[in-house]
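A look at the structure
Spelled out, the chains give:
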Amino acid sequence: AFMSSMMMLIFAKRVKAYEKAAIYGDEGLEKAGVSPTTLAGVFSFVFLLIIIFALLKLVNETLVCAVVTCILLFTYMLKITLFETQEPLLNKKNKVDDYYAGSLFT
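Summarised in this report is the structure supplied together with it. This is a predicted model, so every value here is computed, not measured. (Residues numbered from 1 in each chain as written. Predicted model: local features only at pLDDT ≥ 70, side-chain atom pairs only at ≥ 80, totals over all residues. Heavy atoms only, no water.)

1. Comments concerning unusual backbone geometry
In this structure, Lys57 takes a positive phi of about 60° despite not being glycine. Within the secondary structure, Lys57 is located in the loop between helix 3 (36-55) and helix 4 (59-82). (Helix = DSSP H or I, 4+ residues; strand = E, 2+ residues; numbered from the N terminus.)

2. Quick word on the side chain of Thr69
Mapped onto the secondary structure, Thr69 falls in helix 4. Residue class for Thr69 comes out buried when judged on its relative accessible area of 13%. In this structure Thr69 touches Met3, Met7 and Val46, once residues within four positions along its chain are discounted. (Buried < 20%, exposed > 50% of the residue type's maximum accessible area, 1.4 Å probe, protein only. Contact = heavy atoms within 4.5 Å.)

3. Overview of the side chain of Thr62
The residue Thr62 is located in helix 4 in this model. Residue classification places Thr62 among the buried residues on the basis of a relative accessible area of 14%. For Thr62, the side chain forms a polar contact with the main-chain oxygen of Phe53, separated by 3.5 Å. In contact with Thr62, not counting residues within four places along its chain, are Ile50, Phe53 and Ala54. (Polar contact = N/O pair within 3.5 Å; in protein donor to acceptor, adjacent residues only side chain to side chain.)

4. Looking at helix 3
Taking 1.5 Å of rise per residue, 20 residues should cover 28 Å, and helix 3 covers 28 Å from first to last C-alpha, within 8% of that figure. Looking at helix 3, one finds that the buried residues are Pro36, Leu39, Phe43, Val46 and Ile50. The arc that holds the buried residues of helix 3, viewed along the axis, is 90°, so those residues lie on one side. Exposed side of helix 3, more than 90 degrees from the buried face: Thr37, Phe45 and Leu55 are the residues found there. (Expected span 1.5 Å × (residues − 1). Arc of directions from axis to C-beta.)

5. Points about the packing of helix 1 (residues 2-22) against helix 4
The axes of two packed helices give the description: the angle between them and the distance between them. Taken N-terminus to C-terminus, the directions of helix 1 and helix 4 make an angle of 35°; their axes are 10 Å apart at the nearest point. As helix 1 packs across helix 4, the resulting crossing turns out to be left-handed. The segment helix 1 lies against helix 4, with Phe2, Met3, Met6, Met7, Leu9, Ile10, Lys13 and Arg14 engaging Ala66, Thr69, Cys70, Leu73, Phe74, Tyr76, Met77, Ile80 and Thr81. (Axes fitted to C-alpha atoms, helices over the stretch in contact; angles between N-to-C directions. Left-handed = near helix turned anticlockwise from the far one by under 90°.)

6. Some points on a nonpolar patch on the surface
On the surface, a cluster of nonpolar side chains totalling about 540 Å² of accessible area is made up of Phe2, Phe74, Leu78, Leu82 and Phe83. The biggest single contributor to the nonpolar patch is helix 4, with 3 residues. By the element assignment, Phe74 lies in helix 4. (Patch = residues over 30% accessible without salt bridge, like charges linked within 9 Å, V, L, I, M, F, W, Y side chains within 5 Å. Areas by Shrake-Rupley, 256 points an atom, 1.4 Å probe, with all protein chains shown as cover. Salt bridge = Lys/Arg side-chain N within 4 Å of Asp/Glu carboxyl O.)

Here it is, written out as structure tokens:
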């Protein structure tokens, strides 16, 4: 349940980011990252892998795969929520290094 809820939260956040980037056209989509379709495919593959391990009665492999996936999903969710930048996707102003901004003898 925890893994599926984390996957759905991440998927919803990526869909929102992808829709926002689609406003800017192809340039925005290139910078938006992984598409939601690809992300849903990866999530489906992970669930399928865990189900196959469980059906084959591979208890240790199922638990390891589930725990590692939960840890990775949790850290990725923390990354996209806590360390999210609020900079615009396009038209970023290039930051000029203060060392090179002025002359050398001021």
